[in-house]
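So the chains spell out like this:
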Amino acid sequence: MGKAIAIFNQKGGVGKTTTNINLGASLAMKNKKILMLDIDPQGNTTSGIGISKKDLPFTVYDLLIEDNFDTKKAVMHTGIENLDIIPASVDLAGAEIEMVEIEGREARLRKSIQKVKDDYDYIFIDCPPSLGLLTINSLTAVESVLIPIQCEFYALEGVSQLVSTIELVKKNLNKELEIEGVILSMFDGRTNLSVQVVQEVKKYFGSKVYSTVIPRNIRLAEAPSFGMAITEYDPKSKGAEAYRDFAEEFLEWEEYK
């Protein structure tokens, strides 16, 4: 049975979607079967992997709202072998309001994911940058949380709230929930600030911080506008190299868990 992991930080612009797409693609290239779920109404993982958000037959919205929905009907293949996605649409923006009346609303996604877990090695959920019902559903549905933190001035602002949210969900809704690890992104080795942030994050999270650091990289920023993972768009770039290294380290950590 596959392992479900939420990629979560309530701050926007920290590299959640970039990590979801590129870690997923890098693991798929290592012959792991990967499913990405896009539960962010902005749908950046969906468009970032080359899928149009218009006229999608089924999306994550159906998983959340429809009773006894066949999850496999919403799975789409990407252009990368071993990498599938359940896309997002703008309908998700209204899903939180619609779910208010539904009994057991926090566990809707968990039930849907169980139906496809046997088909994948890893399921990654790209969470919205908020603490609403969509995020709560994601945290209730997974075994662990992967936290991207950008190497910038406000990086640690809100981290204690983020950890409190994870603890709260663990206590009330998902006793299995753990922090998978922390990946540092947008690192610029030329600045003292980036180096300081790395030190601060390691002080806070200790051994949960991956040694791989994702650099600030133009090619990495460009790739989503072409609907491609960095490993396809520019496989020789520093960004692609970093995500391949991260996938390697991610799998090494998994062996010891």
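In what follows, the accompanying structure is described. Numbering of residues begins from 1 in every chain and follows the order in which that chain's sequence is written. Only residues with pLDDT of at least 70 are given local features in this predicted model, and only at 80 or more are side-chain atom pairs given and counted; all residues enter the totals for whole chains, interfaces and linings. Hydrogens and water molecules were not included; the side-chain quantities draw on all heavy atoms of the structure.

1. Here's the deal with the environment of Leu 109
Moving on, step 1. Helix numbers and strand numbers start at the N terminus; a helix is a DSSP run of H or I with at least 4 residues, a strand a run of E with at least 2. With respect to the secondary-structure elements, Leu 109 resides in helix H5 (residues 108-114).
Moving on, step 2. Here the alpha-carbon distance between Leu 109 and Tyr 61, two residues 48 residues apart in the chain, equals 9.8 Å.
Moving on, step 3. Ignoring anything within four residues of it in the chain, the contact list for Leu 109 reads Leu 37, Ile 39, Val 60, Leu 63, Leu 64, Ile 125, Asn 137, Ser 138 and Ala 141. Note on contacts: a residue pair qualifies if any of its non-hydrogen atoms lie within 4.5 Å across the two residues.

2. Details of the pairing of strand S1 (residues 3-7)
Side-chain direction in a regular strand flips from residue to residue, so the side chains alternate between the two faces of the sheet.
Moving on, step 1. Among the five residues in S1, five count as buried, and that is most of the element.
Moving on, step 2. Exposed residues in this analysis have more than 50% of their type's maximum accessible area, buried residues have under 20%, and partly exposed residues fall in between, with area computed by a 1.4 Å probe over protein chains only. What you see with S1 is no split at all: Lys 3, Ile 5 and Ile 7 on one side and Ala 4 and Ala 6 on the other are buried throughout.
Moving on, step 3. Strand pairing requires that DSSP identify at least two bridges connecting the strands. Judged from the five bridges that link them, S1 and strand S5 (residues 122-126) form a sheet pairing that is parallel. The residue of S5 that forms the bridge with Ala 6 is Ile 125.
Moving on, step 4. As paired strands, S1 and strand S6 (residues 144-150) are joined by three bridges and run parallel to one another. Counted as the bridge partner of Ile 5 is Ser 144 from S6.

3. Focus: the packing of aromatic side chains
Given two aromatic rings, their pairing is described by the distance between the two centres and the angle made by the two planes.
Moving on, step 1. When the centres of two rings from Phe, Tyr and Trp lie within 6.5 Å, Trp using its six-membered ring, the rings pair. Their planes under 30 degrees apart give stacked, over 60 give edge-to-face, and anything left gives tilted. By the definition in use, this model includes ten aromatic pairs.
Moving on, step 2. Between Tyr 122 and Phe 250, the aromatic rings sit 5.2 Å apart at their centres with planes inclined by 70°, giving edge-to-face as the arrangement. Taken together, the residues Tyr 122 in strand S5 and Phe 250 in helix H11 (residues 238-255) connect sequence positions 128 residues apart. We note that Tyr 122, like Phe 250, is buried.
Moving on, step 3. Ring pairs connect the aromatic residues Tyr 122, Phe 124, Tyr 210, Tyr 243, Phe 246, Phe 250 and Trp 253, which therefore count as one cluster.

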